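# Summary of the model geometry
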Amino acid sequence: MKVLLAVDGSGYSNMCVSAAKSIGLPSDSEITVLTVVPEHAFLGGLHLDRLWANGEHGRKLHKAREESAQDIIDKTVSELKTARAEINTTIVWGNPEEQIINAANQTQTDLVIIGAKGLVNADRFHLGTVAYGVIKHAHCSVLVVKEDIQKVRRILLATDGSEHSCAAEDFLLGLSLPRKIDIFLVIALQSHVAAYLKMPTLSLETNQQILSELQKAEGEKATELLNRTEAKFKEKNYEVTPLLRQGEPSQEILNCANAFNPEIVAVGAKGLSGIESFLLGSVAQRVARFSRYSVLVVRPKKTKKANCHLGE
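Reference entry: report on the structure contained in this document. Quantities reported herein were computed from a predicted structural model and do not represent experimental measurements. (Residues numbered from 1 in each chain as written. Predicted model: local features only at pLDDT ≥ 70, side-chain atom pairs only at ≥ 80, totals over all residues. Heavy atoms only, no water.)

## Re the packing of aromatic side chains
- In total, this model carries two aromatic pairs according to the counting rule given.
- Its end group placed over the ring of Tyr132, Arg289 keeps NZ or CZ at 4.5 Å from the ring centre. (Phe/Tyr/Trp six-rings, centres within 6.5 Å; stacked < 30°, edge-to-face > 60°. Lys NZ or Arg CZ within 6 Å of the ring centre and 35° of its normal.)

Following this line, the structure appears as structure tokens:
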């Protein structure tokens, strides 16, 4: 697995290092430690550092920022010594969000690990602008770290049978996690009140019958999917708790996370209702933004199609 670990010296980026060592990356993983020196472009393509480059003050400032970035890299590499992975490093200048996404594309990264907030994000924000931009626009899976993960004991996996949620299952099954952790599988079925309000004006009796049949069929399919997914994790001797909930999916996922306190909440980047042109579905977007716990947003690898759909 190719991992891009984005660090900036903040407390959250320090948590990313712990996460990289704790989530059970495969032994043949390759971790690229990346730090971005922020360089903001002004009108006409001017960059402040380049504008000052010819002056003594500018050269000193540039050198100090380079040395600070190298210190962050060196500290991170030192902390990763116990990780079973090949470690590479890179320092780039520019817009952090753009540079992280560019680096992920260039290295064909499978997973970006990034802190929920960086040095400049206020505590009142649930998710920093850089982290949000990366999970929205990256073409690979992203782990947004919100707490210090020293050891993974519980994972909440939301599934709906879509390609992306099946990829989330495969991603977790591919990790070298301790077998005694608890996996909570949750499917949230949308409230049928919304469907009822959008139905053609038929007789009340007919509408109720249609909704009843829909609810029954959907419940049966959801149970089948839970059973099938549960069996996959039990094959690897995980403790599994299936959860079937009724309500708005993102809210039910957040409710379950608050109830079971997992180290990681795993979701597919898009669900069954995701529009192909959208890089991030509304459910994943809301869970990543409002979850108190670290969130793993999974996208399928381009060379592999997941095969566990709800309708199969």
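From this point on, the discussion continues.
## Focus on the sheet that holds strand S5 (residues 85–94)
- With mixed pairing, 10 strands are arranged side by side in an open sheet as S5-S2-S1-S6-S7-S12-S11-S8-S9-S10. Each edge of the sheet is formed by a strand with only one pairing partner; in this case those strands are S5 and strand S10 (239–246). Strand-to-strand twist of the sheet, defined as the mean angle between neighbouring strand axes without regard to direction, takes the value 20°.
- The sheet contact formed by strand S1 (residues 2–6) and strand S2 (residues 29–38) spans five bridges and is parallel. Looking at S2, one finds that Leu5 is bridged to Val33.
- Sitting on the sheet, helix H4 (residues 96–106) is in contact with S1, S2, S5 and strand S6 (111–115), with an inclination near 155° to S2.
- Lying on the sheet, helix H6 (residues 163–173) is in contact with S6, strand S7 (141–145), strand S8 (154–158), strand S11 (264–268) and strand S12 (294–298); it crosses S12 at an angle near 115°. (Pairing = 2+ DSSP bridges. Helix = DSSP H or I, 4+ residues; strand = E, 2+ residues; numbered from the N terminus. Axes fitted to C-alpha atoms, helices over the stretch in contact; angles between N-to-C directions. Contact = heavy atoms within 4.5 Å.)

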